[in-house]
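Each chain is listed here by its residues.
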Amino acid sequence: LLQSGSAEDVVISIESNHRAIAKGGSATIPTPVIGVVIANATVGGTVDVYLGGTINHGGDLTFELHTDNQAIAIGEAMAIGPVAGTGVDSQAVVNPTVNTFVSPNSNVTIGGDFTIRTLSESTAEAVSRGSSYAIGPAVGVALANATNSPTISTFIGHDATLNIGGSLTVETLH
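Model, not experiment: these values are computed from the prediction.

1. Some remarks on the overall build of the protein chain
Link 1 in the chain: The helix and strand tally for the protein chain stands at 0 helices and 14 strands.
Link 2 in the chain: Of the regular secondary structure in the protein chain, the N- to C-terminal order runs β-β-β-β-β-β-β-β-β-β-β-β-β-β.
Link 3 in the chain: A compact globule built from 174 residues would reach a C-alpha radius of gyration of about 16 Å, whereas the protein chain, at 25 Å, exceeds it by more than 25%.
Link 4 in the chain: Reported as C-alpha extents along the three principal axes, the dimensions of the protein chain are approximately 80 × 25 × 20 Å.
Link 5 in the chain: In the protein chain, the proportion of contacts linking residues at least 24 apart, taken out of those at least 6 apart, comes to 83%.
Link 6 in the chain: On the protein chain, the mean spot of the 4 positive side-chain charges and the mean spot of the 14 negative ones are 17 Å from each other.

What follows is the structure in C-alpha cells.
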C-alpha cells in the first residue's frame, strides 16, 4: 500500500545504465607473422520496473525509468615480417529487454495526472583496424558488426484498475 494524503506532485524516477567495453590489440614481428584479435562487447538482460498493489495519491504521479545502454568493441592488429597477415573481428551488441509497467491486478487511484514512461537510449559501436607489412605476401581482414536492438515496453498490466482524476499518459521513448 502506497498512500499519500497530499495533493503535491510526486515523481518516482529510476535510472538503469549498463556499459560493456571490449578492447583487443596485437602487434607481432616474428617470421612468418600472423596477428588475430577478437573483441566482443554485449549489453543484454532484462530490466523490469513496476508499480504494484494499492496506490492512493491526491496529486499528480509520474513513474519513469531512464536507461542508457552502451556496447563498444575495438580491435586492432598489426603484423610486420617477410610474410604477414592480420585478422580482426569486433562485435558490439545492445539487446536488453526494458519494461516499465503497472502490475496486473493493481489498484491505482490518482487525484491528478498519471504518467508512466520508459526513456531508453542505446549505442552499439564496433571498430576494427588491421595493418600487415611485408616484403612478400601481406593480407589483412577487418570485420566490425554493431547491433542495436533493444526491446522496450511501457504498459498497464492485465486486470489493473486505474482511477485517474486527470489525464493518463503511457509512453515509450527511444
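2. Side note on the sheet that holds strand E3 (residues 33–43)
Sheet strands associate in pairs through backbone hydrogen bonding, adopting either a parallel or an antiparallel arrangement.
Link 1 in the chain: Across the sheet, which stays open at both edges, the 3 strands sit in the order E3-E7-E11 with parallel pairing between neighbours. Each end of this open sheet is capped by a strand with a single partner; those strands are E3 and strand E11 (138–148). Here the average twist between neighbouring strands, direction ignored, is 0 degrees.
Link 2 in the chain: Examined bridge by bridge, E3 and strand E7 (residues 84–94) share 11 bridges and lie parallel to one another.

3. Points about the nonpolar core
Link 1 in the chain: Of all hydrophobic cores here, the largest spans 14 residues; its most connected members are Leu51, Ile55, Leu61, Val102, Ile110 and Phe114.
Link 2 in the chain: Among the elements of the structure, strand E4 (46–51), strand E6 (61–81), strand E8 (97–102), strand E9 (107–110) and strand E10 (114–134) are those that each provide at least two residues to this core.
Link 3 in the chain: With residues up to four places along the chain from it excluded, the contact list for Ile110 reads Ile55, His57, Gly59, Leu61, Asn163, Ile164 and Gly165.
Link 4 in the chain: Core analysis: the next-biggest nonpolar cluster, separate from the first, contains 10 residues, Ala39, Ala41, Ala71 and Ala92 among them.

4. A closer look at the sheet that holds strand E2 (residues 10–28)
Link 1 in the chain: As summarised here, the arrangement of the 4 strands in space is E2-E6-E10-E14, forming an open sheet in which the pairing is parallel. Bordering the open sheet on either side are E2 and strand E14 (168–173), each of which pairs with just one other strand. Each strand of the sheet is rotated relative to its neighbour by a mean of 5 degrees, with strand direction disregarded.
Link 2 in the chain: Bridge count between E10 and E14: 6 bridges; the pairing is parallel. Bridging from a neighbouring strand, Thr115 pairs with Thr169 of E14.

5. A look at the pattern of salt bridges
Link 1 in the chain: Tallied over the entire structure, the rule returns 3 salt bridges.
Link 2 in the chain: Close ionic contact of Glu64 with Arg117 constitutes a salt bridge, the shortest N to O distance being 2.7 Å. Residue Glu64 is located in strand E6, and its partner Arg117 is located in strand E10; the two are separated by 53 residues in the primary sequence. The pair Glu64 / Arg117 is uniform in exposure class, with both members buried.

6. With respect to unusual backbone geometry
Link 1 in the chain: Positioned with a positive phi, Asn105 is a non-glycine residue whose angle comes to about 65 degrees.
Link 2 in the chain: Locating Asn105 in the fold gives a position in the loop between E8 and E9.
Link 3 in the chain: Of note, Asp159 is a non-glycine position whose phi angle comes to about 65 degrees, a positive value.
Link 4 in the chain: Along the chain, Asp159 turns up in the loop between strand E12 (151–156) and strand E13 (161–164).

7. Looking at the side chain of Thr67
Link 1 in the chain: Its place among the elements puts Thr67 in strand E6.
Link 2 in the chain: When sequence neighbours within four positions are dropped, the list of residues in contact with Thr67 reads Ser16, Asn17, Val98, Leu119, Ser120 and Glu121.

8. Points about the pairing of E7
Link 1 in the chain: Burial within E7 is extensive, with 8 of its 11 residues counted as buried.
Link 2 in the chain: One ladder, built from 11 bridges, connects E7 with E11; its direction is parallel. Following the sheet pairing, Val93 is matched in E11 by Thr147.

Definitions and cut-offs
Residues numbered from 1 in each chain as written. Predicted model: local features only at pLDDT ≥ 70, side-chain atom pairs only at ≥ 80, totals over all residues. Heavy atoms only, no water. Helix = DSSP H or I, 4+ residues; strand = E, 2+ residues; numbered from the N terminus. Rg over C-alpha atoms; globule rule 2.2 N^0.38 Å. Contact = heavy atoms within 4.5 Å. Lys, Arg positive; Asp, Glu negative; His and termini not counted. Charge placed at Lys NZ, Arg CZ, Asp CG, Glu CD. Pairing = 2+ DSSP bridges. Axes fitted to C-alpha atoms, helices over the stretch in contact; angles between N-to-C directions. Core = buried A, V, L, I, M, F, W, Y, C linked by side-chain atoms within 4.5 Å. Buried < 20%, exposed > 50% of the residue type's maximum accessible area, 1.4 Å probe, protein only. Salt bridge = Lys/Arg side-chain N within 4 Å of Asp/Glu carboxyl O.

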